[in-house]
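Architecture at a glance
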Amino acid sequence: MAKPTTDAGPKRVDPRVLRTRLLLQAAALELAAERELDTITIAHVAERATINRATVYQHYRDRDDLLLDAMDGELSRLGGLIARCPLVVLPATMPPELVEVFRHIESARVLYRRMLGPCGSARFIDHLHRLVAEQVVRQLSADGKAVRDEETVRLRAHCAAGSFIGLVRHWLLAETVLPAEHAAANAWTALVSAR
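Residues numbered from 1 in each chain as written. Predicted model: local features only at pLDDT ≥ 70, side-chain atom pairs only at ≥ 80, totals over all residues. Heavy atoms only, no water.

Some words on the overall build of the protein chain
Going by this rule: Where helices and strands are cited, they refer to DSSP runs of H or I of at least four residues and of E of at least two residues respectively, numbered from the N terminus. Each residue is placed in one exposure class: buried if its accessible area under a 1.4 Å probe, protein chains only, is under 20% of its type's maximum, exposed if it is over 50%, and partly exposed if it falls in between. By definition, residues are in contact when any of their heavy atoms lie within 4.5 Å. Only the protein chains shown count as cover for residues, and the accessible areas themselves come from Shrake-Rupley with a 1.4 Å probe. As used throughout, the charge tally considers Lys and Arg to be positive and Asp and Glu to be negative, leaving His and the chain termini uncounted. A charge is said to be at NZ when it belongs to Lys, at CZ for Arg, at CG for Asp and at CD for Glu.
Counting its secondary structure elements, the protein chain contains 10 helices and zero strands. Counting from the amino terminus, helix and strand elements in the protein chain follow one another as α-α-α-α-α-α-α-α-α-α. For the C-alpha atoms alone, the extent of the protein chain along its principal axes is close to 60 × 60 × 25 Å. The buried share of the protein chain, taken over its 195 residues, is 39%. Considering only intrachain contacts with a sequence separation of at least 6, the fraction spanning at least 24 residues in the protein chain is 70%. Just so you have it, the protein chain exposes about 11300 Å², and 55% of that area is on carbon and sulfur atoms. For the protein chain, the centre of its 26 positive side-chain charges and the centre of its 24 negative side-chain charges are spaced 3 Å apart.

Quick word on unusual backbone geometry
You will see that Thr-50, though not glycine, has its phi angle at about 55°, which is positive. In this fold, Thr-50 is placed in the loop between α2 (42-49) and α3 (53-59).

With respect to the UniProt feature "domain: HTH tetR-type" (unreviewed entry) in the protein chain
Just so we agree on the cut-off: UniProt positions are given in the numbering used here, feature names are shortened, and annotations may be inferred rather than shown by experiment.
Cross-referencing UniProt, the feature "domain: HTH tetR-type" (unreviewed entry) maps to residues 18-78 in the present numbering. Taken end to end, residues 18-78 comprises 77% helix and 0% strand; its first and last C-alpha atoms sit 23 Å apart.

Examining the environment of Trp-171
Counted only if it meets this: Throughout this description, a polar contact denotes any pair of N or O atoms lying within 3.5 Å of each other; where both atoms belong to protein, one of them has to be capable of donating a hydrogen while the other can accept it, and for residues adjacent in sequence the pair is counted only when both atoms sit in side chains.
Its location among the elements puts Trp-171 in helix α9 (residues 150-173). Classification of Trp-171 by relative accessible area gives buried; the value is 5%. Separated by 107 residues in sequence, Trp-171 and Asp-64 place their C-alpha atoms 23 Å apart. In this view, Trp-171 contacts Phe-102, Ile-105, Glu-106, Val-177, Leu-178, Pro-179, Ala-180 and Ala-183; residues no more than four positions away in its chain are not counted. A polar contact is formed between the side chain of Trp-171 and the backbone oxygen of Leu-178, at a distance of 2.8 Å.

Regarding the UniProt feature "DNA-binding region" (unreviewed entry) in the protein chain
This chain's UniProt record puts "DNA-binding region" (unreviewed entry) on residues 41-60. Secondary structure over residues 41-60 splits into 75% helix and 0% strand, and the C-alpha atoms at its two ends are 13 Å apart.

Quick notes on the side chain of Arg-63
Here Arg-63 shows up in helix α4 (residues 63-70). A polar side-chain atom of Arg-63 sits 2.7 Å from the main-chain carbonyl oxygen of Leu-37. From its side chain, Arg-63 meets the backbone oxygen of Ile-40 in a polar contact 3.1 Å long. Setting aside its immediate chain neighbours within four residues, Arg-63 contacts Leu-37, Asp-38, Ile-40 and Ile-42.

Encoded structure:
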C-alpha cells in the first residue's frame, strides 16, 4: 500500500485564475492612469479586461481590493528601496537612496498621484503607511543607538511613515511637479529640520 504524500509547498493556482487576475489588474492600472479613481467602477474594469462583471467579484471584493492587488508589485519594489533608505536615523548628508525612492515613484507618478490623491484609495494609503512603518521599525531595531522600548519604536516608525507619505503627497499633488532629484532634496531638508 502506497503512503499518502503530503505537499507542504505552496498550493498551485489554476493558470486560468492567474490569467484572469492579470487581465483585471492590467485593466485597473490602465484605467487608473487615464482617470481619477472615484470615476472607475468594476463595470469599467470588466469591460476593459473583456471579462464578465460577475467574474471580477469572484476574484476581488471591490474596486479598491483590485487596485491594491494591482499595485502590489509596485509597492514591493518601493518597499525594497525604502528598506535601504534611512528615514529616522539620518546621516550627515542626503543619502542617494532617498533620490532612488523618489525616482521610483516618479517612474509611476500618475498612478501614485491617483492612489494618494484626494480621490485616491484609503486602503492603498493604509497599506503604504504600514509598509513604510515596518521598514522604519527594522531600521530602528538594527541601529544600536536607537531606543529599545518597543512602543517608542512603533510610534517613531508610524510618525516617520506619516511624514514620508505627507512629503510624497505634497510633491505629487503640487501644481508643478518637481523632478525627483529636487523633490528628494526638499524632502531631505524637511526631514532634517524636523529632527
